[in-house]
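Analysis of the macromolecular model
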Amino acid sequence: MNVINSLFIYLLFPGFLFSFILSIFVSFLDRKITARLQYRQGPPLLQPLYDFFKLLLKEVTVPKNANLLFFLSPFLSFASVVLASSILWTAIIFKKGFIGDITVFVYLLLIPSVMLILGGASSGNVIVSLGVSREIKMLLSYELPLITATLVPILNSGSLKLIEIMQKNTLSLPSILSFFVLFICLYAKSGIVPFDAPEAETEIAGGILMEFSGILLGLIKLTKQVFMSLFPAFLVGLYFFDGGVVSFVIKYLMILFFIIIFKNINPRLKIIQVMKFFWFIIFPLSLLSVILLFIL
Amino acid sequence: MGLIKKSLLKSLWVFHLPLSPCNNCDIEILDALTPRYDLERFGIQLVGSIRHADVLLVTGVPNYKNYTKLKYLYEQAPKPCFVVAIGTCACGRGVFKDSFNSPCDVDKIVPVSAYVPGCPPKPEAIIDGIVKLIKSLKT
Ligand code: SF4
């Protein structure tokens, strides 16, 4: 019974199917709003779905030096992001969870980047290695402030369960600071425009994604979309959760719109700028928010 | 027409493959992708890597330096992959037909699915070419 229940959660309702549909919708919103901001019409509603099915049909090309990791990494990263999404949505919708699920959640979100690094590096392409080195630098810059900033809601509520953290959220100066830090870090993790140096299409031709094709590429793109649909939900849950459905949807959409507009008005940062920004501005801010929590 | 085939036609990702053109055709291709013509309405996107491409937009005349590269790049692209020749140069070499350094036409090297003549073709002509390509694939 328990197994069937978990399978249902993982594969159907808050897991795979739900996050697939939600991510298609979020990605459509992203592209449509981007198009409208540039005074154009934009793609139809099902465009992300068409892209995904097309990539399923395409041939998978294999680089000469590729090994098993090249094939495994997109599947593993997609599986882990779906697992993260089922943990988060179970907490939000069914108000259930286990002790320590926020830690599991944060670490599950790390797996896609690591898998991308391993898979990209195993292809043995020179330009991909540039993208890989940038991705590693990104990981080094945002991961530490992200974990430090997640400490604030955890300490605030004194619990390691997502749902208890959500129910005990309070708005104070440290939590506003940590919201800001967490927003920037998750934004960098999702790899959209000011922080997309690892896959810069115009300078290193897709970078870390360059050698992936067919279903492998489709799964990587889907992983990114699912992550993008996850990240407003995580923020709303940690900081502005009040149990209501309508207020949740409104806050979710507000953060999503803000992300999309922020993406459209910023140019790409160089990797050195990203590292400086995170190490010298964002990390001290996250430390400050934890210290303030103890002082206030 | 199955969902898979429909999704292929609805999301053609184009890769820009210049064979030493005079650069006018490339500017017109970029024009066709600007907000004014908005090719993303039909799901057409410019991609940076040959591994992601569905359509190769070939411009310019093949010469002894690059005609082997064209074949090589075509083999690297995941199939199904279509080639569209943009500009008179790529369609039939134009005035460079008897040039000393041009071995043969583009369609002798790779199979070409659509030709867009013009020197350079207008963005409208390029869009027309893509529409004709999609129509020919539907049947
Ligand atoms: S067709 Fe005309 S514009 Fe295009 S590359 Fe040739 S000479 Fe240049």
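Residues numbered from 1 in each chain as written. Chains lettered and ligands numbered in written order. Predicted model: local features only at pLDDT ≥ 70, side-chain atom pairs only at ≥ 80, totals over all residues. Heavy atoms only, no water.

For the rest of this paragraph, the subject is the pattern of salt bridges. One pass over the structure, following the stated rule, counts twelve salt bridges over all chains. With a shortest N-O distance of 2.7 Å, A:Lys54 and B:Asp54 are connected by a salt bridge. Taken as a pair, A:Lys54 in helix H3 (residues 47–57) and B:Asp54 in the loop between strand S2 (45–46) and strand S3 (55–59) lie in two separate chains rather than in one. Each member of the pair, A:Lys54 as well as B:Asp54, carries the same accessibility label: buried. Residues joined in a network through salt bridges with shared partners are A:Arg31, A:Arg40, A:Asp51, B:Asp38, B:Glu40 and B:Arg41. (Salt bridge = Lys/Arg side-chain N within 4 Å of Asp/Glu carboxyl O. Helix = DSSP H or I, 4+ residues; strand = E, 2+ residues; numbered from the N terminus. Buried < 20%, exposed > 50% of the residue type's maximum accessible area, 1.4 Å probe, protein only.)

Right, let's get into the confidence of the model for chain B. Regions with low pLDDT should not have their predicted coordinates read in detail. Residues of chain B with pLDDT of at least 70 account for 99%, and the chain-wide mean is 84. Both confidence scores are given for the complex: pTM 0.85, ipTM 0.80. (pLDDT = per-residue confidence, 0-100.)

All names here are of chain B. Lining the immediate environment of the ligand, one finds Pro21, Cys22, Asn24, Cys25, Gly87, Thr88, Cys89, Gly118, Cys119 and Pro120. Those elements that provide at least two residues to the shell around the ligand are helix H2 (24–32) and helix H4 (87–92). Looking at the shell around the ligand element by element, the count peaks at three residues for H4. (Near = heavy atom within 4 Å.)

Moving on: the nonpolar core. Core analysis: the biggest nonpolar cluster contains 106 residues, and A:Leu88, A:Leu162, A:Leu182, A:Leu186, A:Leu235, A:Phe278 and B:Leu56 have the highest contact counts within it. Tallying contributions element by element places helix H11 (residues 214–239) of chain A first for this core, with 16 residues. Excluding anything up to four places from it in sequence, B:Leu56 contacts B:Phe15, B:Leu17, B:Ile50, B:Tyr74, B:Cys81, B:Phe82, B:Val83 and B:Val84. Counting 23 residues, the second-largest nonpolar core is a separate cluster that includes B:Ile44, B:Ala114, B:Ile126 and B:Ile127. (Core = buried A, V, L, I, M, F, W, Y, C linked by side-chain atoms within 4.5 Å. Contact = heavy atoms within 4.5 Å.)

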